[in-house]
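Listed here are the chains, written in short residue letters.
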Amino acid sequence: MAKPLNLILVGAPGSGKGTQAQRLLEQHGLPQISTGDMLRQAQREGTALGLEAKGYMNAGQLVPDALMVNLIRERLAQPDAQKGFVLDGFPRTVAQAEALDGMLRTTGTELSAVVVMDVPDEAIVERITGRRSCKACSAVFHVRFSPPKQAGVCDRCGASALYQREDDTEDKVRVRLKAFADQTSQVIPYYQRQGLVTRLNGLGTPEDVYAAIVKAVGAGAKA
Ligand code: AMP
């Protein structure tokens, strides 16, 4: 049996991680494990985690490592994650990467690749401030670059649930970019030391970027 594909997508907010993770789910059945989506879901459900995370998220800051590590530990233990996964938005600090390594070691799970998606800051700001997300299924649109067929309605699941995330405003994006530069970018050399990193230009069309990911990780020819 082919080895499971266990991928990590690393990139600034708005670099296209969520879009590419959704494609990998659709084309390869790899569960998209998006910590941002999980936290937003927890907020909607009003769980203790959701309440605790809310202030950090709305300010554009990172949620404390301990909360994130517990969340991902529970998620990776689910049956669907045993046949491969795509981590989208985790790890965001070296401490999270170290904790993840520890978890994977205990289950004998190997990472296949860490794909870094490079997009310049000004392109990120343009992408994020025009971004609209679906509250029901987390699909992502852009008011100019990939508008839904009908304003406010999700092309993917049909719900009238498109909204602008509270942290997708320009001032919050700048704070999130700083968190990426100060903290998350450190996970790149961490994984480079393990020989796992593939860097690619995230500025192309979603199709081009997807093709580059498939080529880099050898995920079959379904690009
Ligand atoms: P995202 O949807 O990936 O852009 O994440 C939205 C927000 O959720 C981030 O700005 C953080 O506040 C929080 N968040 C998501 N994943 C993590 C993580 N791995 N570590 C810390 N905070 C996170």
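Everything below is about the structure shown above.
A.B. asks: What is the right way to read the pairing of strand β3 (residues 85-88) from this model?
C.D. replies: Moving residue by residue along a regular strand, the side chains alternate between the two faces of the sheet. Side chains of β3 alternate between two faces, with Phe85 and Leu87 and Val86 and Asp88 buried alike. Where strand β1 (residues 6-11) meets β3, four bridges bridge the pair, whose relative direction is parallel. The partner of Ile8 across the bridge, within β3, is Leu87. Sheet topology places strand β2 (residues 32-34) next to β3; three bridges connect them, and they run parallel. Considered in β3, the bridge of Ser34 is made with Asp88.

A.B. asks: How should the packing of helix α6 (residues 121-129) against helix α7 (residues 170-182) be read in this particular structure?
C.D. replies: Packed helix pairs are specified by the crossing angle of their axes together with the interaxial distance, meaning the distance between the axes. The contact between α6 and α7 brings their axes to 10 Å, and the two run at 135 degrees. Relative to α7, the element α6 lies oblique. Crossing geometry of α6 relative to α7 is assigned as right-handed. On α7, the residues that touch Asp121, Glu122, Ile124, Val125, Ile128 and Thr129 of α6 are Glu170, Val173, Arg174, Arg176 and Leu177.

A.B. asks: Would you explain the site of the ligand in this entry?
C.D. replies: Taken together, 16 residues surround the ligand, and among them Thr35, Arg40, Gln61, Gly89 and Gln96 come closest. Within the side chain of Arg40, an N or O atom sits 2.9 Å from an oxygen atom of the ligand. Interatomic distance of 3.0 Å between a side-chain N/O atom of Arg92 and a nitrogen atom of the ligand. For the ligand, the protein covers 97% of the area, taking 480 Å² as the surface of the free molecule. Examining the composition of the shell around the ligand, we find that four residues originate from one element, helix α2 (residues 35-45), more than from any other. Partitioning the shell around the ligand into residue classes produces six nonpolar, five polar and five charged.

Rules behind the numbers
Residues numbered from 1 in each chain as written. Predicted model: local features only at pLDDT ≥ 70, side-chain atom pairs only at ≥ 80, totals over all residues. Heavy atoms only, no water. Buried < 20%, exposed > 50% of the residue type's maximum accessible area, 1.4 Å probe, protein only. Helix = DSSP H or I, 4+ residues; strand = E, 2+ residues; numbered from the N terminus. Pairing = 2+ DSSP bridges. Axes fitted to C-alpha atoms, helices over the stretch in contact; angles between N-to-C directions. Parallel < 35°, antiparallel > 145°, perpendicular 65-115°, else oblique. Left-handed = near helix turned anticlockwise from the far one by under 90°. Contact = heavy atoms within 4.5 Å. Near = heavy atom within 4 Å. Polar contact = N/O pair within 3.5 Å; in protein donor to acceptor, adjacent residues only side chain to side chain. Areas by Shrake-Rupley, 256 points an atom, 1.4 Å probe, with all protein chains shown as cover. Nonpolar A, V, L, I, M, F, W, Y, C, P; charged D, E, K, R; others polar.

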